[in-house]
Amino acid sequence: TVLREGDIVSVIVPLNKIFRFFSSIGIKTRPIKDVLIVGGSTIAYYLAETLIKSRINVKIIEQKQSRCEELSALLPEAMIICGDASNRGVLDEEGIKNTDAFVSLTNLDEENIMLSLYANKISSAKIITKINKIDFEEVISDMPIGSIICPKNITAEGIIRYVRSMQNSSEGNMETLYRMMDNRVEALEFIVREDSAVTNTPLMNLNLKENLLICCINRNGRIITPSGK
């Protein structure tokens, strides 16, 4: 296999080795310590809650006073700013130039795109953009707006994961499912049960589907990169 310009590569790397991996291939990275979120939606709340648990500083800009008060009560460790993020002065004042990550989660796709374009222009932050309508995905993908998330797709993945689990076992083997590359690739995470037909047999001897790659095994917390044996 030979890599060529423009290739998109997905990798499986243990978390404690990820920075060394990026350094070895010439990609500069830095740990995320400060995150600026625009929009105080339910998604923003759950994201902020998760980031705070990871000891990341979170700042949320929300326009509605009532929602700001709710978020202040729900997220006492986050900084809640009541203001209009479409105003450049507000973003500059709240440190968009120096933040490590910028997440646009307003209810308007157009506003999210514009905010992310501005963040990309004036900062080196990791950018995440929420977009509900992806009818023009080929246009959006060419824009420098970082990682794109679509709540509808995430919901669909959750439903598919549930259905797959019900098909495979009443106990539900499926843990995680992600679809990538315009739904042409699926990344699955599942549990191998004691009575499974695949246990105690070398991978090379299993009758697996074509174009299937086992990337990683988590055995009692130990990460294994498997070979055929």
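Look up a bit, the structure's there.
Report follows, based on the coordinates. Because the structure is a prediction, the values reported are computed rather than measured. (Residues numbered from 1 in each chain as written. Predicted model: local features only at pLDDT ≥ 70, side-chain atom pairs only at ≥ 80, totals over all residues. Heavy atoms only, no water.)

1. Side note on the overall build of the protein
Stage number 1. The number of helices and strands found in the protein is seven helices and ten strands.
Stage number 2. Here the C-alpha coordinates of the protein stretch approximately 60 × 45 × 35 Å along the principal axes.
Stage number 3. Out of the 229 residues belonging to the protein, those deemed buried represent 29%.
Stage number 4. At a minimum sequence separation of 6, the contacts of the protein that also span at least 24 residues come to 39%.
Stage number 5. Accessible surface, the protein as shown: approximately 16500 Å² in total, 52% of it carbon and sulfur.
Stage number 6. Of the charged side chains in the protein, 27 are positive and 29 negative, and the gap between their average positions amounts to 7 Å. (Helix = DSSP H or I, 4+ residues; strand = E, 2+ residues; numbered from the N terminus. Buried < 20%, exposed > 50% of the residue type's maximum accessible area, 1.4 Å probe, protein only. Contact = heavy atoms within 4.5 Å. Areas by Shrake-Rupley, 256 points an atom, 1.4 Å probe, with all protein chains shown as cover. Lys, Arg positive; Asp, Glu negative; His and termini not counted. Charge placed at Lys NZ, Arg CZ, Asp CG, Glu CD.)

2. Overview of the side chain of Ser 104
Stage number 1. For Ser 104, the location among the structural elements is in strand 4 (residues 101–104).
Stage number 2. Separated by 2.9 Å, the side chains of Ser 104 and Ser 116 make a polar contact.
Stage number 3. Setting aside its immediate chain neighbours within four residues, Ser 104 contacts Val 38, Asn 112, Leu 115, Ser 116, Ile 128, Thr 129 and Lys 130. (Polar contact = N/O pair within 3.5 Å; in protein donor to acceptor, adjacent residues only side chain to side chain.)

3. Things to note about the sheet that holds strand 1 (residues 34–38)
Stage number 1. Spatial strand order, 3-2-1-4-5-6: six strands in an open sheet with parallel pairing. The open sheet has two edge strands, strand 3 (79–82) and strand 6 (147–149), and neither has a second partner. Adjacent strand axes in the sheet meet at a mean angle of 15°, parallel and antiparallel pairs treated alike.
Stage number 2. Where strand 2 (residues 57–62) and strand 3 come together, four bridges link them in parallel fashion. Looking across to strand 3, one finds that Glu 62 is bridged to Cys 82.
Stage number 3. Across the sheet, helix 5 (residues 109–122) touches strand 1, strand 4 and strand 5 (126–130), and the angle it forms with strand 5 is around 170°. (Pairing = 2+ DSSP bridges. Axes fitted to C-alpha atoms, helices over the stretch in contact; angles between N-to-C directions.)

4. Description of unusual backbone geometry
Stage number 1. In this structure, Asn 200 is a non-glycine residue whose phi angle is positive, near 60°.
Stage number 2. With respect to the helices, strands and loops of the structure, Asn 200 is situated in the loop between strand 8 (185–190) and strand 9 (217–219).
Stage number 3. A residue is classified by how much of its surface remains accessible, and Asn 200, at 83% relative accessible area, is exposed.
Stage number 4. A positive phi angle, close to 60°, is found at Asn 211, a residue other than glycine.
Stage number 5. Counting through the fold element by element, Asn 211 comes out in the loop between strand 8 and strand 9.
Stage number 6. Among the residues examined, Asn 211 registers a relative accessible area of 83% and is labelled exposed.

5. Focus on the pairing of strand 7 (residues 174–180)
Stage number 1. As paired elements, strand 7 and strand 8 share six bridges and run antiparallel to each other. Residue pairing for strand 8: Tyr 178 is matched across the bridge by Ala 187.
Stage number 2. Between the end of strand 7 and the start of strand 8, which pair antiparallel, lie four residues, with Met 181 showing a positive phi angle near 50°.

6. Some details on the nonpolar core
Stage number 1. Within the largest apolar cluster, 18 residues are counted, with the highest numbers of intra-cluster contacts made by Val 35, Ile 37, Val 58, Ile 60 and Leu 75.
Stage number 2. Counting only elements with at least two residues in this core, the list comes to strand 1, helix 2 (42–53), strand 2, helix 3 (65–74) and strand 4.
Stage number 3. Here this core gets five residues from one element, more than from any other, and that element is helix 2.
Stage number 4. Core analysis: the second largest hydrophobic core is formed by 14 residues, Val 38, Ile 96, Phe 102 and Leu 115 among them. (Core = buried A, V, L, I, M, F, W, Y, C linked by side-chain atoms within 4.5 Å.)

7. Regarding the pattern of salt bridges
Stage number 1. Overall, the coordinates contain two salt bridges when judged by the stated rule.
Stage number 2. Note that Lys 59 and Glu 94 form a salt bridge whose closest N and O atoms lie 3.3 Å from each other. Within this pair, whereas Lys 59 is found in strand 2, its partner Glu 94 is found in the loop between helix 4 (88–93) and strand 4, the two being separated by 35 residues in sequence.
Stage number 3. On the basis of relative accessibility, which here comes to 19%, the residue Lys 59 falls in the buried class.
Stage number 4. Judged by its relative accessible area of 15%, Glu 94 is buried.
Stage number 5. Of the charged contacts, one joins Arg 67 and Glu 70 as a salt bridge, the two residues approaching to 2.8 Å between their closest N and O atoms. Pair noted here: Arg 67 and Glu 70 are both in helix 3, with a separation of three residues, about one helical turn.
Stage number 6. You can call Arg 67 buried: its relative accessible area is 18%. (Salt bridge = Lys/Arg side-chain N within 4 Å of Asp/Glu carboxyl O.)

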